[in-house]
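# Fold and geometry: a report
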Amino acid sequence: MVNGNGKHVAVIDPSQVILEGMKSILNNIPGIETISLGTDPESFIHKNNEKNKYIECLIINPIFLYNQNKNLFIKQFSFLKDIQFIALVYSYVNKDFLSQFDDVIYIEDSKYEIQNKLKSKSPNKEENTSGLPEQIDLSDREKEILISLTKGKTNKEIADEHCISIHTVISHRKNISRKTGIRSVSGLTVYALLNKLTDYSGLE
């Protein structure tokens with residue numbers, strides 16, 4: 001059972017050495033209450049079933065998103081509604097790919113840099129008591145763009161689909177992020193699911 005008011009952090013990485021190192025660092029950061037470790041997403045989900053619902057920050061090696069369909073990965077973690085989604089990077093990863101994460105922890109980061117990144121509030125969190133992100137007043141076009149984003153489409157693909165320019169797509173994406181307070185594609189996908197703008201079948 002998880003108790004107290006500290007932050008509940010999960011770390012998923014294929015290297016046991018990296019996991020133990022992260023655990024050692026996190027154990028020395030004030031405000032961290034529990035730390036769950038896993039070497040792959042599937043076993044983590046099943047192994048930590050009871051603790052999963054308390055997780056507020058998921059630190060994960062982005063290789064797991066390379067190795068499988070991104071939307072399938074998000075579906076697996078759909079129970080994590082309001083979390084910080086942080087990439088753990090110690091090899092080259094494309095910056096555009098990393099943009100779907102709320103933040104990035106690099107292997108050379110100091111304990112203080114990691115602490116500061118963990119302190120930031122998750123963009124997905126909403127101040128309401130329903131447990132769901134508050135429905136934001138998105139325009140019909142913004143909802144269409146959001147749905148296309150949840151399907152993993154690129155800016156060019158979205159522009160072609162809706163017969164608009166890439167510049168207009170980028171402008172809509174900025175407005176969506178500004179209104180929802182969510183920057184990452186993973187966070188926007190969860191938002192769209194919870195507000196019934198799309199469903200799991202639409203993520204196939």
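To start, this report covers the structure provided alongside it. What you are looking at is a predicted structure, and each value in this text was computed from that prediction instead of being measured.

Rules of the game
Numbers given for residues are sequential positions, taken from 1 along each chain in its written order. Reporting of local features is limited, given that this is a predicted model, to residues whose pLDDT is at least 70; pairs of side-chain atoms are given and counted only at 80 or more, and all residues count toward the totals for whole chains, interfaces and linings. As a convention, hydrogens and water are excluded, and side-chain values are obtained from all of the structure's heavy atoms. Helix numbering and strand numbering both begin at the N terminus, where a helix is a DSSP run of H or I of at least 4 residues and a strand a DSSP run of E of at least 2. The classification of residues rests on relative accessible area computed with a 1.4 Å probe and restricted to protein chains. Under 20% of the type maximum is buried, over 50% is exposed, and intermediate values are partly exposed. In this analysis an axis means a line fitted to C-alpha atoms, helices contributing only their contacting stretch, and an angle means the value between N-to-C directions, from 0 to 180 degrees. Helix crossings get a hand from a simple test, with the near helix turned counterclockwise from the far one by less than a right angle marking a left-handed crossing and a clockwise turn marking a right-handed one. Here a residue-residue contact requires only that any non-hydrogen atoms of the pair lie within 4.5 Å. Amino acid classes used here: Ala, Val, Leu, Ile, Met, Phe, Trp, Tyr, Cys and Pro are nonpolar; Asp, Glu, Lys and Arg are charged; the rest, including Gly, are polar. In this analysis, rings of Phe, Tyr and Trp, with Trp reduced to its six-membered ring, are considered paired at centre separations within 6.5 Å, and the interplanar angle assigns stacked below 30 degrees, edge-to-face beyond 60, and tilted for intermediate values. At least two DSSP bridges between two strands are required for those strands to pair. For this document, the term salt bridge refers to a Lys or Arg side-chain nitrogen within 4 Å of an Asp or Glu carboxyl oxygen. Each angle is binned into one of four classes, with values under 35 degrees roughly parallel, values over 145 roughly antiparallel, values of 65 to 115 roughly perpendicular, and all other values oblique. Working definition: the arc comes from the directions between the helix axis and the C-beta atoms, pointing outward to the latter. Whenever two N or O atoms come within 3.5 Å, that pair is a polar contact, provided that in protein one can donate a hydrogen and the other can accept it, and provided that, for residues adjacent in sequence, both atoms are side-chain atoms.

### A closer look at the overall build of the protein
- Counting its regular elements, the protein contains 10 helices and 5 strands.
- Going through the 204 residues of the protein one by one, you find that 48% of them count as buried.

### Some words on the packing of helix H7 (residues 140–150) against helix H10 (residues 185–194)
- With their axes 9 Å apart at the nearest point, H7 and H10 run at an angle of 115 degrees to one another. Relative to H10, the crossing made by H7 is left-handed. Seen from H7, the contacting residues are Leu-146, Leu-149 and Thr-150; seen from H10, they are Val-185, Leu-188, Thr-189, Tyr-191 and Ala-192.
- Of the residues assigned to the contact of H7 with H10, the class counts are 6 nonpolar, 2 polar and no charged.

### Some details on the packing of aromatic side chains
- A complete count under the given rule lists 1 aromatic pair for this structure.
- Ring centres of Phe-85 and Phe-101 lie 4.8 Å apart, and the angle between their planes is 20 degrees; this geometry places the pair in the stacked category. In this pair, Phe-85 sits in strand S4 (residues 84–89) while Phe-101 sits in the loop between helix H5 (95–98) and strand S5 (103–106), placing the two residues 16 residues apart along the sequence. Like Phe-85, the residue Phe-101 is buried in the burial classification.

### Quick word on the sheet that holds S5
- With parallel pairing, the 5 strands of this open sheet are ordered in space as S2-S1-S3-S4-S5. The two strands at the open ends of the sheet, each matched to only one other strand, are strand S2 (32–38) and S5. Each strand axis lies, on average, 25 degrees off the axis of its neighbour in the sheet, ignoring direction.
- Contacts from helix H1 (residues 16–26) reach strand S1 (7–12), S2, strand S3 (57–60) and S4, with the element oriented near 180 degrees to S2.
- Together, S1, S2, S3, S4 and S5 form the strand contacts of helix H6 (residues 111–119), whose direction differs from that of S5 by roughly 165 degrees.

### Some details on the pattern of salt bridges
- Using the criterion set out here, one finds 5 salt bridges in the structure.
- A salt bridge links Lys-153 to Glu-161; the shortest N-O distance between them is 3.0 Å.
- Since its relative accessible area comes to 39%, Glu-161 is described here as partly exposed.

### A short note on the packing of H7 against helix H9 (residues 166–180)
- Where H7 contacts H9, the axes come no closer than 10 Å and their chain directions differ by 95 degrees. The angle between H7 and H9 places the two elements in the roughly perpendicular class. Facing Arg-141, Glu-142, Ile-145, Leu-146 and Leu-149 of H7, the residues of H9 in contact are His-172, Arg-173, Asn-175, Ile-176 and Lys-179.
- Across the contact of H7 with H9, the residue classes tally to 4 nonpolar, 2 polar and 4 charged.

### What to know about H1
- Every buried residue of H1 is accounted for by Ile-18, Leu-19, Met-22 and Leu-26. For H1, the buried positions fall inside an angular range of 100 degrees around the axis, keeping them on one side.
- Summarising the contacts, the buried residues of H1 are in contact with S1, S2, S3, S4 and H6.
- Where H1 begins, the capping side chain belongs to Ser-15, and its oxygen is found 3.3 Å from the backbone nitrogen of Val-17.

### Some details on unusual backbone geometry
- The backbone of Cys-163 shows a phi angle near 55 degrees, a positive value even though the residue is not glycine.
- Position of Cys-163 relative to the elements: it lies in the loop between helix H8 (155–162) and H9.

### Considerations on H6
- Among all positions in H6, only Ile-114, Gln-115, Lys-117 and Leu-118 are buried. Each buried residue of H6 sits inside an arc of 165 degrees when the element is viewed along its axis, so together they form one side. Turned more than 90 degrees away from the buried face of H6, the exposed residues are Tyr-112 and Lys-119.
- In this fold, the buried residues of H6 make contact with S1, H1, S2, S3, S4 and S5.

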